[in-house]
Structures are given as structure tokens and as C-alpha cells.
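Per-entry structural report
Below, each chain spelled out in residue letters.
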Amino acid sequence: MRRLLRTTLALTLVLTVSVFSSIGCWDKKELDKLAIVAGFGVDQVQTAEGDRLLLTAQIIKADQVISPEQAGGSGKQSFLTDQSYGRTVFEGVRNFTFESSRRLFFPHNRVLIIGESLARSGLHPIIDFFIRDPEPRPKQYVLVAKGKAADILSVKTGLEEIPALAIYELLQDYGATSKVYPVTLQDLTKDLASKTKTAVLPMIELVSTSKKKTIMLDGTAVFKSDRMVGELNINETRGLLWVLGKVHSGIIVFKLPPYRHDISMEILEANRQIRPELRNGKPHVTVVIDVEMIIGEITLTKNLTVPRENEKLERMASQGIKKEIRAALAKARQFNTDFFGFGEAFHSRRPKAWKTFGPNWDQIFPQLPVEIKVSTVIRRVGEATKFPILQ
Amino acid sequence: MAELAQGRISNIQLVLLLTGFLLGTSILILPGGDIHPDTWLAFLLGCGQGLILAFIYLALARRFPGQTFVKIAEAVWGRYIGKIVSLAFLWYVFHAGALTTTNFLDFIKVSILPSTPAMLLVLMLVGVCAAAVWSGLEVITRCSEVLVPLTILFTLFLALMLIPDFKAANLQPVLQTPLPELLKTSVRVATFPFGETVIFLMILPFLNKQNKSLSSVVIAFALTVFILITGMLRTLGVLGNVAPLYVYPLYQATRSIDLGHTLTRLEILTSINFLTMGFIKASVQLFAFVVGLSQFLGLKSDRTLVVPAWLLMSLLGLYNLPGVAETIAFTHTVYPFYALPFEVFIPLATLVVAWLRKLPREGQQP
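Counting restarts for each chain, with residues numbered from 1 along the sequence as it is written. Think of it this way: whatever chain is written first is A, whatever ligand is written first is 1, and the rest follow in order. Local features in this predicted model are restricted to residues of pLDDT 70 or higher, and side-chain atom pairs are both shown and tallied only at a pLDDT of 80 or more, whereas totals for entire chains, interfaces and linings draw on every residue.

1. Some thoughts on the overall build of chain B
Counting from the N terminus, the helices are the DSSP runs of H or I reaching at least four residues and the strands are the DSSP runs of E reaching at least two. A tally of helices and strands in chain B yields 12 helices and 2 strands. Along chain B, helices (α) and strands (β) appear in the sequence α-α-α-α-α-α-α-α-α-β-β-α-α-α when read from the amino end. Relative to a compact globule of 366 residues, whose C-alpha radius of gyration would be 21 Å, chain B shows 20 Å and is just as compact. Its C-alpha atoms give chain B principal-axis dimensions of roughly 70 × 45 × 35 Å. Considering only contacts within chain B whose residues lie at least 6 apart along the sequence, 85% involve residues at least 24 apart. Our radius of gyration is a C-alpha quantity, and the globule rule it is checked against amounts to 2.2 Å times the number of residues to the power 0.38. Any pair of residues counts as being in contact when their C-beta atoms, constructed from backbone geometry, are within 7 Å of one another.

Structure representation (C-alpha cells):
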């Protein structure tokens with residue numbers, strides 16, 4: 001009996017203590033005291049006091065994110081954009097508390113958008129906060145806005161309740177075309193820290209028609225060190241993705257001579273190898289790309305499902321891919337930015353030779369001979385053998 | 001004497017206890033400084049050097065079975081010098097425990113609970129260790145029986161979850177570090193964590209079978225170096241050139257786990273690993289200090305020292321280093337030299353003198 005009493009007493013004590021201590025004390029974070037940030041934008045603006053950072057936070061209004069049945073009639077926005085100014089990002093983040101009753105909470109932030117003028121003047125002053133602070137996650141996407149990030153974050157999008165999440169989904173599904181290169185904060189950090197590989201970031205722009213405004217992914221921003229120096233268009237971006245081995249799927253459209261009709265081929269699978277070599281003591285890179293394709297759509301009435309025509313198609317597709325890569329390579333040489341990571345390939349696979357020419361990589365890269373080998377195989381033809389409407 | 005050491009520990013238990021002790025802080029703060037593609041080699045070399053040191057400790061423990069280092073020092077060096085030697089040793093044990101506490105505190109303050117008062121955190125963290133020491137060596141050992149396998153499991157699980165982010169190219173180029181640099185790193189690894197086995201001179205006497213201890217130590221070292229290399233490879237494979245940028249690269253790498261938006265935020269497992277292993281390490285250090293001090297002072301009961309030792313270790317842990325920058329600098333640059341006398345000179349000199357004096361003499365066996 002006494003033992004039972006003692007056990008009961010001890011248990012009561014332990015449970016009481018744990019009830020009071022498990023709610024947390026100094027570092028407690030209650031949902032109704034937090035402003036959950038879904039998207040965050042940084043711009044450089046001129047104010048009366050001089051250059052300032054304009055921070056834009058897209059905050060989820062948790063009480064407005066409602067079930068689809070209710071959503072129809074309400075018409076209320078389920079997000080809020082808040083702005084603040086600061087000399088540094090951190091100061092700006094704390095300045096939000098002047099007007100926002102809740103503290104900004106970053107762990108659920110999905111996209112970080114940087115205004116173009118800020119990107120052109122350099123990322124170093126702003127990127128540290130997102131790496132150093134324990135709240136922002138390394139897997140959030142980073143983008144450059146054509147124009148101001150603040151404008152992008154204030155637009156309502158079609159299907160998604162929260163625009164920032166819509167942007168996130170757009171980047172996640174880049175594989176449908178492979179013409180957008182999604183970059184996470186972690187990737188960006190690595191590129192900025194690398195001695196030779198330069199950073200690239202996807203670009204997003206605001207498209208205004210007379211009826212409504214929408215946002216659209218368009219091209220890639222190219223950086224030299226931390227400054228944006230140029231852009232790749234969407235085809236050059238795919239050229240970059242081929243070399244980086246990030247192409248998942250996508251469509252290649254070309255004309256098969258002598259016909260004047262378009263043929264769309266779908267990329268099923270792509271593998272790439274970068275071979276850093278030394279030829280006569282000079283660096284030389286071979287990029288080998290193996291692609292598996294499927295005929296997606298043909299608009300001429302000839303039967304192409306015969307080996308001879310197939311070979312022609314394969315050759316044309318390979319040429320199309322080479323053209324994309326060459327376009328990206330031309331841009332890389334023009335800006336002298338090694339965003340393919342050829343330098344790192346030499347560093348990790350030819351370390352001895354790298355020691356001799358590595359320090360001069362900036363002079364070597366624009367003249368670096370790059371050989372591109374593409375081989376395409378058409379394995380499937382879809383569900384039809386010929387153009388379905390018979391002549 | 002030594003009421004805390006009641007209940008003996010078996011050889012399997014020694015393996016787990018020593019592994020937990022060695023993994024203590026090194027499971028979060030990778031020994032040897034910045035990681036680069038050759039760090040694994042430095043780990044292996046450091047482990048080898050650590051084994052040589054462990055032979056010295058084991059030889060000493062075998063020569064004086066059932067005696068802690070405090071008693072051994074007194075027998076070998078005589079009454080007065082012996083007291084000085086064991087006092088120095090006890091200081092090292094105590095200070096190492098305080099350093100473990102500091103590492104605990106830094107990590108929690110930086111990454112988990114930034115605004116909770118440090119004093120409260122440190123008292124609670126060391127308080128758990130003190131409770132374990134109060135309950136005795138057997139309880140600490142049994143804790144390690146549960147916690148060490150869990151840590152191994154978590155480590156492997158995390159490595160598995162990081163495969164999507166893993167890039168083998170980050171591990172190249174291999175064997176490009178100059179030899180002196182590699183040796184320097186390996187010495188750091190030998191002093192922290194492997195050389196810290198010297199503290200087990202206070203634990204080994206309570207072993208069931210003394211003559212099997214060598215194989216236990218070798219297995220524990222192998223297990224530790226395996227876990228460390230796994231952690232190092234997966235960290236470098238994920239973070240690549242930015243790994244040296246972070247205060248806790250191992251923790252940072254696990255933050256990037258994101259499998260289908262559901263299996264994410266798994267860095268908490270790294271924290272759990274560190275908290276559990278750090279608990280074992282700090283408990284062993286606190287235990288060694290309490291038992292050693294009570295033998296040094298010739299106290300009848302050593303349990304009376306647990307509470308004062310808890311408070312003192314908390315305080316030293318709180319105030320001995322002003323900040324994270326100093327802690328990192330101390331761990332990587334000062335500690336290898338600071339630990340040298342305690343981990344190498346004192347045990348080696350004691351062994352040599354014992355051998356020269358042909359101690360322990362026949363008939364004097366306790």
C-alpha cells in the first residue's frame with residue numbers, strides 16, 4: 001500500500017513537471033502569434049535616406065485558407081503582402097514588427113525572389129542572412145525578378161491560393177519542358193562559394209494584359225561572382241540543363257527536310273557525361289549526351305515508322321540538342337562564366353593538371369575547346385504508326 | 001568505497017559505453033577541422049594513433065587490476081608527487097566534462113532554443129548526467145546499451161535519406177592533401193576523440209573480465225571511426241565546397257533532406273544523436289571526476305560529491321569559453337596541445353616508472 005502511494009506520488013510529480021515544461025518556455029512559438037512567410041522578396045530602392053533594401057513578405061493568412069467548397073463564394077485573399085525597409089536584410093526583417101502584429105516565421109518560406117537591380121549590383125550583401133539564420137530552409141528556391149520582386153509577390157495567381165506556392169510548383173514541374181533551371185538556396189550557396197563555377201538563377205516576370213496580371217518563368221540569370229551579368233533565353237537554358245544533366249523531359253520541335261511540316265519529339269530520358277581531358281597538355285572537354293526519345297506529334301502524312309526515316313529523325317533531334325548546347329556555350333564564353341562547372345570537373349578528376357592551369361581558369365575558359373557528342377535513340381512511336389488521317 | 005561503481009560491466013557493455021563516449025561530441029562536431037575529400041584518411045590515421053595510446057592505458061590498467069588511475073598514480077609516484085599527478089588528471093577529466101557541456105550549450109543556443117537562458121539549459125543538461133551518475137555506473141552503461149544502437153541506426157538512416165542529394169564528385173579529388181597537413185589533422189583526431197579514452201582509466205577497474213578489454217576497445221574504436229566516416233562522407237557529398245562554411249556541417253547537411261515534402265526536417269535526428277551521445281560522454285566524465293575526487297580525498301561515500309560536481313561542471317561549462325568562435329578555435333588548435341600531457345605524457349610516464357620500479361610488487365597486490 002505504501003509502495004503504491006509512493007509510486008503514485010512520484011508519477012504525479014513527474015507528470016506535473018513534464019506538463020509544465022513540455023509547453024516550452026522562452027522559445028515557444030504559437031501558431032496564432034506567427035506570420036508564416038511563404039515567399040520573400042528583396043529589392044534595392046532609393047529612399048530619402050539613401051539606398052535601402054525593400055523587403056516584401058508574402059504571408060499566409062491561416063484563417064482564410066479554407067476548404068475548396070467554401071472558397072468559391074468568399075472571394076477573400078488568403079495571403080497578405082507586407083513590406084519593410086532596412087539597410088540590411090536582418091534590420092528590415094525586424095522592422096516588420098513596426099506594422100505587423102506577428103513575428104515573421106521563415107521555416108516554411110518556399111521562394112526567395114531577388115530584384116534584378118539588386119542582382120546586378122551583387123548578392124553578397126543580402127545572402128548571408130538566409131544562410132546564417134537558423135530559420136530559413138536550404139531547399140527554398142531562389143529566383144531573380146525581371147523588374148521588382150515586390151511586384152511579383154503582390155500578384156494573385158490562378159489555381160493556387162498562395163502565389164508563392166504557385167511559383168514553387170512551377171519550379172518543381174520544370175521537367176515538363178526542361179527550359180527552366182530551378183536553383184535552391186543550397187545550390188546557390190555552393191555556386192557562390194565555388195572558385196570556378198558561377199551561379200545561375202531562374203528569372204520570373206510580371207506579364208500584364210489589359211484584363212489581368214500574371215507571373216511567368218522566363219529564362220535564366222547568369223552571374224559572374226555575385227553579380228548578374230546577363231541572361232539566357234529558354235532555349236539556351238535547356239542547353240545548360242543538358243550539360244548539367246538536369247533534363248527530365250521536354251519537347252524538341254523541328255522540320256524534317258524535305259518536308260515543311262513540324263515534328264515534335266518528346267525526351268524520355270537523358271544521360272550526360274562530362275569528360276575533362278588533356279590534349280597536348282591543354283584542357284579539353286567532351287560532353288557526351290545520350291537521349292532516348294519518343295515521337296510525340298507529326299503533322300505530315302508520310303509513314304515515318306520505318307528504320308530509314310527513324311535514323312533521319314534521330315539525327316535531326318541530335319542536331320537540335322547540339323544547337324541548344326552551342327547557344328548556351330556561346331553565352332558562357334561571351335560572359336566568361338563557367339556555369340557548366342567544367343572547372344570543377346577538372347579540379348576533381350584531373351587534380352594534378354588543375355594545379356598548373358587552375359589559377360588561370362578565367363583566361364582559359366573562353367578558349368576552352370568543348371566537343372559535344374549527342375546520340376539519340378527513338379524507341380517508341382506513341383500509339384500510332386502513321387499520320388492518323390489517311391490520305 | 002565507490003558505491004557508485006556497484007554492479008560490474010561486461011565487455012559488450014564496455015564496447016557500447018566507449019563508443020558512446022567517443023561519439024559524444026564528435027558526432028556533431030567532426031574532429032580535425034574543416035572537412036575535405038581526404039578527411040576520412042585522417043580519421044583512420046587518427047584512430048590508429050588513438051589505438052596506440054589505448055594500448056598504453058590498457059597496459060597500465062592490467063598492471064594494476066581493480067585500481068583507478070588515482071590509486072595507480074599514488075602507488076607509482078609516491079604519496080606527494082602521486083597526489084599532484086592525480087590532481088592534474090582530475091582537472092583534465094573535470095575540464096573535459098565542462099567542454100562537453102559547452103559544446104552542448106553552444107549547439108542548443110545556436111540551433112534550437114536561442115532565447116532560453118543558458119544557465120537553465122546547462123543546469124538541466126548536466127543535471128540529467130548527474131542523475132545518471134547518482135544512480136551509478138551500471139545505469140550509465142545500460143543507457144548506452146539503448147542509446148548507442150539507436151545512434152548507429154539514426155546515422156545510417158540519415159545517410160540513406162541523403163542519397164538523393166549526394167554527389168560523388170564532391171568527394172574528389174582524393175589524396176591531394178599534402179602529407180604534413182594530413183598528419184596534423186590525424187593528430188587532432190587522435191587527441192579528440194580517441195585519446196580521451198584515457199578517462200576510462202577510471203572505468204576499466206570496474207570491468208568484469210579485465211583480460212578481454214583489448215578486443216572491446218578495438219571494436220569500439222572501429223565502430224566509432226565507421227560512424228564518423230559515414231557522417232563525414234555524407235556531409236561532404238551533400239554540401240561539397242560549402243561544408244567548411246557552417247558551424248555544424250553534419251547538422252546542416254541533414255537539413256536538406258526533403259523526400260516528397262513529408263520526410264523533411266529530419267535534422268532533429270542529428271540533434272537527438274548529439275544529445276544522447278553527449279549525455280553518455282558527460283556522464284562518464286562526471287562519474288570519473290566524482291569517483292576520482294572521492295578517492296583522492298579519501299572520502300567514505302562518493303555520492304556526496306555528485307551534487308557539487310554537477311554545479312561546478314555546469315558553471316565551468318557556462319563560463320570557460322566566451323563564445324562559439326573561441327570554442328571552435330580551442331577544439332581545433334589549442335586542445336591537441338592541451339590534451340597531450342594528460343593523454344600521452346602522464347600515462348606513458350606512469351607506465352614506464354611502474355615498469356622500472358617493477359610495480360606492483362608481489363604480495364602488495366590489493
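Structure shown, so let's carry the discussion forward.
2. Considering the overall build of chain A
Along the backbone of chain A there are 13 helices and 13 strands. For chain A, whose C-alpha radius of gyration is 27 Å, the value lies well above the compact-globule estimate of 21 Å for 391 residues. C-alpha extents for chain A along the principal axes are approximately 90 × 65 × 60 Å. Counting only residues that meet the buried cut, chain A has 37% of its 391 residues in that class. At a minimum sequence separation of 6, the contacts of chain A that also span at least 24 residues come to 70%. Comment: burial labels come from other C-beta atoms within 10 Å of the residue's own C-beta, placed from the backbone, where a count of 20 or more is buried, 12 or fewer is exposed, and between is partly exposed.

3. Let's talk about the confidence of the model for chain B
Chain-level statistics for chain B give a pLDDT mean of 90 and a share of 98% at 70 or above. Scoring of the predicted complex yields 0.87 for pTM and 0.83 for ipTM. A score from 0 to 100, pLDDT tells how confident the predictor is in each residue.

4. Section: the interface of chain A and chain B
Between chain A and chain B, the contact holds 16 residues from the first and 18 residues from the second. Of all the elements in the fold, those that place two or more residues in the side of chain A that touches chain B are helix H8 (185-193) and helix H11 (342-349) of chain A. Top contributing element to the side of chain A that touches chain B by residue count: H8 of chain A, with 4 residues. Basically, the charged four are Asp, Glu, Lys and Arg, the nonpolar ten are Ala, Val, Leu, Ile, Met, Phe, Trp, Tyr, Cys and Pro, and anything else, Gly included, counts as polar. Residues of the side of chain A that touches chain B, tallied by class, amount to 6 nonpolar, 5 polar and 5 charged.

5. So, the packing of helix H6 (residues 137-161) of chain B against helix H8 (residues 213-239) of chain B
All names here are of chain B. Every axis in this analysis is a line fitted to C-alpha atoms, fitted for helices over the stretch in contact. Angles between the N-to-C directions lie between 0 and 180 degrees. Here H6 crosses H8 at 25°, and the two axes come no closer than 10 Å. Considering their axes alone, H6 and H8 lie roughly parallel with respect to each other. H6 and H8 meet at a crossing whose hand is left-handed. On H8, the residues touching Ile152, Thr155 and Ala159 of H6 are Ile227, Thr230, Gly231 and Arg234. Of the residues in the contact of H6 with H8, the class split is 3 nonpolar, 3 polar and 1 charged. For classification purposes, angles smaller than 35 degrees are called roughly parallel, those larger than 145 roughly antiparallel, those between 65 and 115 roughly perpendicular, and all remaining angles oblique. Put simply, a crossing is left-handed when the front helix is turned counterclockwise from the back one by less than a right angle, and right-handed when it is turned clockwise.

6. Some points on the sheet that holds strand S11 (residues 262-279) of chain A
Note on sheets: strands pair through backbone hydrogen bonds, and any given pair is parallel or antiparallel. Residues and elements named next belong to chain A. Read from one edge to the other, the open sheet built from 4 strands follows the order S10-S11-S12-S13, with strand pairing classed as mixed. One side of each edge strand has no neighbouring strand; the edge strands of this open sheet are strand S10 (251-255) and strand S13 (370-380). In this sheet, neighbouring strand axes are inclined to one another by 40° on average, regardless of whether the strands run parallel or antiparallel. A pair of strands counts as paired when DSSP detects no fewer than two bridges linking them. With 10 bridges joining them, strand S12 (residues 282-298) and S13 adopt parallel strand pairing. Within S13, the residue paired with Val287 across the bridge is Ile372. Helix-sheet contacts for helix H10 (residues 307-335) involve S10, S11, S12 and S13, and the interaxial angle to S13 is about 145°.

7. Focus on the packing of helix H2 (residues 39-63) of chain B against helix H7 (residues 179-191) of chain B
Residue and element names in this part refer to chain B. Contact pair H2 / H7: the axes reach a minimum separation of 7 Å and the direction vectors enclose 50°. The angle between H2 and H7 falls in the class oblique. Once H2 is placed against H7, the crossing between them reads as right-handed. Mapping the contact onto sequence places Thr39, Leu41, Ala42, Phe43, Leu45, Gly46, Gln49, Gly50 and Leu53 in H2 and Leu182, Thr185, Ser186, Val187, Val189 and Ala190 in H7. When its residues are assigned to classes, the contact of H2 with H7 shows 9 nonpolar, 6 polar and no charged.

8. Quick notes on the nonpolar core
One nonpolar core equals one set of buried Ala, Val, Leu, Ile, Met, Phe, Trp, Tyr and Cys residues connected by C-beta atoms within 7 Å. Counting residues in each nonpolar core, the largest one holds 109 residues, and the members touching the most others are Leu201, Leu286, Phe287 and Val290 of chain B. The contacts of Leu201 of chain B, once residues within four sequence positions are left out, are Tyr57, Leu60, Ala61, Thr68 and Phe69 of chain B. Formed by 98 residues, the second largest nonpolar core is a distinct cluster that contains Val111, Leu153, Leu313 and Phe365 of chain A.

9. Here we look at H8 of chain A
Burial within H8 of chain A is extensive, with 7 of its 9 residues counted as buried. Here H8 of chain A has its buried residues at Leu185, Gln186, Leu188, Thr189, Lys190, Asp191 and Leu192 of chain A.

10. A word on the domain arrangement of chain A
All names here are of chain A. When its domains are assigned, chain A resolves into domain 1 (32-232) and domain 2 (234-391). Taking the mean C-alpha position of each, domain 1 and domain 2 sit 32 Å from one another. Each partner contributes residues to the interface: domain 1 has 21 residues there, and domain 2 has 22 residues. Considering each element in turn, the side of domain 1 that touches domain 2 owes the most residues, 6 residues, to strand S8 (residues 213-224). Grouping the amino acids of the side of domain 1 that touches domain 2 by side-chain chemistry returns 8 nonpolar, 9 polar and 4 charged. Per the annotation, domain bounds derive from an automatic or database assignment of domains.

11. Describing the pairing of strand S5 (residues 111-115) of chain A
Residues and elements named next belong to chain A. With 5 of 5 residues buried, S5 is to be regarded as a mostly interior element. Burial of S5 is two-sided: the residues Val111, Ile113 and Gly115 facing one way and the residues Leu112 and Ile114 facing the other way are all buried. Of the pairings in the sheet, the one linking S5 to strand S6 (residues 141-145) comprises 5 bridges and is parallel in character. For Leu112, the partnering residue across the bridge sits in S6 and is Val142.

12. Notes on the environment of Ala61 of chain B
Residue and element names in this part refer to chain B. Residue placement: Ala61 occurs in helix H2. Looking at Ala61, the number of C-beta atoms within 10 Å reads 23, which means it is buried. In this structure the C-alpha to C-alpha distance between Ala61 and Leu105, which are 44 residues apart in sequence, comes to 34 Å. Not counting residues up to four positions away in its chain, the partners in contact with Ala61 are Leu201 and Leu204.

13. Focus: the environment of Leu297 of chain B
All names here are of chain B. Tracing the backbone shows Leu297 in helix H10 (residues 267-297). Taking the C-beta count within 10 Å as the criterion, Leu297 has 10 such neighbours and is therefore assigned exposed. In this structure the C-alpha to C-alpha distance between Leu297 and Lys83, which are 214 residues apart in sequence, comes to 9.7 Å.

14. Some remarks on the pairing of strand S1 (residues 34-47) of chain A
All names here are of chain A. Counting buried residues in S1 gives 10 out of 14 residues, a clear majority hidden from the surface. Relative to strand S4 (residues 103-105), S1 is paired through 3 bridges, and the arrangement is parallel. Note on S4: the bridge partner recorded for Ala35 is Leu104. Sheet topology places S1 next to strand S2 (residues 50-60); 10 bridges connect them, and they run antiparallel.

15. A word on unusual backbone geometry
Residues other than glycine predominantly adopt negative phi, and peptide bonds predominantly adopt the trans conformation. With an omega of -5°, the peptide bond between Gln172 of chain B and Pro173 of chain B qualifies as cis. With respect to the helices and strands, the residue Pro173 of chain B is situated in the loop between H6 and H7. The step from Phe192 of chain B to Pro193 of chain B runs through a cis peptide bond, and the omega angle for that step is 10°. In this structure, Pro193 of chain B sits in the loop between H7 and H8. Of note, Asn280 of chain A is a non-glycine position whose phi angle comes to about 55°, a positive value. Here Asn280 of chain A is to be found in the loop between S11 and S12.

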